[in-house]
Each structure stands twice: as structure tokens, then as C-alpha cells.
Amino acid sequence: MGEKFTKASGQCLCGAIQFEIDGSISSFHICYCSRCRHSTGSAHASNFFTKPENILWISGLDFIRRFELRAAKSWAKQFCKV
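In this report, the structure presented in the accompanying data block is examined. Bear in mind the structure is a predicted one, so any value in this text is a computation, not a measurement.

## Structural notes on the pattern of salt bridges
For step 1, the next point in the chain: Evaluation of the coordinates by the stated rule reveals 1 salt bridge.
For step 2, the next point in the chain: Notably, a salt bridge pairs Glu68 with Arg66, separated by 2.7 Å at the nearest N-O pair.
For step 3, the next point in the chain: Judged by relative accessible area, Arg66 falls into the exposed class, the value being 53%.

Put into C-alpha cells, the structure is as follows:
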């Protein structure tokens, strides 16, 4: 992959959390496992991966909550608490 973004931006549904991404993505995955299907309420989850330093948190960093499933080796879900 390694594509370069030109300031892609995003936010949570309510707008409390806002961010920008400026940098390359290392990979993109569409996952159909049961955990991803349950966590999205959809047939899959779409995930892309980048280095943490490529993310600029504009607002709402304190509103992010993380859920880790103990039974899973490398699965977690982040969401807006608002």
C-alpha cells in the first residue's frame, strides 16, 4: 500500500472527537470475523493501519474509550463516550 493521504479527516458521530491523518497507510483490511461483525453491526469491519504519529487529534481525545476483549489476543474497540 503505502499511499500518501493529503490530510484526510474524520470525527465521531456526535463530533466531539475530531482528527486528521497525514501519512502513509501500511495496510487496509476488511475483516469478516464474528468479533468485527458484532462490533460494527454489519457484515464486516473496514480497518486501515498507520503510524500513531500520522494522527493529529484535533479535539476530544479524553472522550475516547477503549474496550479490550480478554479472550482476544489482539482485538480492541475504541468509541466515543459521548
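So that's the structure; there's more coming.
## As for the sheet that holds strand β2 (residues 18-21)
For step 1, the next point in the chain: Pairing in this open sheet of 3 strands is antiparallel, and the strands run β1-β2-β5 from one edge to the other. Edge positions in the open sheet fall to β1 (8-11) and β5 (55-59), since each of these has one partner strand only. The sheet shows a mean angle of 20 degrees between the axes of neighbouring strands, taken without regard to direction.
For step 2, the next point in the chain: Bridging between β1 and β2 involves 4 bridges; their strand directions are antiparallel. In the sheet register, Ser9 faces β2, and the bridge partner there is Glu20.

## Side note on the side chain of Asn54
For step 1, the next point in the chain: With respect to the secondary-structure elements, Asn54 resides in the loop between β4 (45-50) and β5.
For step 2, the next point in the chain: For Asn54, a relative accessible area of 14% gives the class buried.
For step 3, the next point in the chain: Of note is the side chain of Asn54, whose polar atom sits 2.7 Å from the side chain of Thr50.
For step 4, the next point in the chain: Leaving out residues up to four positions away in the same chain, Asn54 has contacts with Glu20, Ile21, Asp22, Gly23 and Ser24.

## Some words on a nonpolar patch on the surface
For step 1, the next point in the chain: Nonpolar side chains collect at one region of the surface, where Phe28, Ile30, Tyr32 and Phe48 lie side by side and expose about 410 Å² of accessible area between them.
For step 2, the next point in the chain: Structurally, Phe48 is set in strand β4.
For step 3, the next point in the chain: Under the relative-accessibility criterion, Phe48 is labelled partly exposed at 38%.

## Some words on the environment of Thr40
For step 1, the next point in the chain: Within the secondary structure layout, Thr40 lies in helix α1 (residues 34-40).
For step 2, the next point in the chain: With 37 residues separating them in the primary sequence, Thr40 and Lys77 have C-alpha atoms 9.7 Å apart.
For step 3, the next point in the chain: A distance of 3.5 Å separates a polar side-chain atom of Thr40 from the backbone oxygen of Arg37.

## So, the environment of Ser39
For step 1, the next point in the chain: Along the chain, Ser39 turns up in helix α1.
For step 2, the next point in the chain: Leave out the neighbours within four places in its chain, and Ser39 touches Trp75 and Lys77.

Definitions and cut-offs
- Residues numbered from 1 in each chain as written.
- Predicted model: local features only at pLDDT ≥ 70, side-chain atom pairs only at ≥ 80, totals over all residues.
- Heavy atoms only, no water.
- Salt bridge = Lys/Arg side-chain N within 4 Å of Asp/Glu carboxyl O.
- Buried < 20%, exposed > 50% of the residue type's maximum accessible area, 1.4 Å probe, protein only.
- Pairing = 2+ DSSP bridges.
- Helix = DSSP H or I, 4+ residues; strand = E, 2+ residues; numbered from the N terminus.
- Axes fitted to C-alpha atoms, helices over the stretch in contact; angles between N-to-C directions.
- Polar contact = N/O pair within 3.5 Å; in protein donor to acceptor, adjacent residues only side chain to side chain.
- Contact = heavy atoms within 4.5 Å.
- Patch = residues over 30% accessible without salt bridge, like charges linked within 9 Å, V, L, I, M, F, W, Y side chains within 5 Å.
- Areas by Shrake-Rupley, 256 points an atom, 1.4 Å probe, with all protein chains shown as cover.

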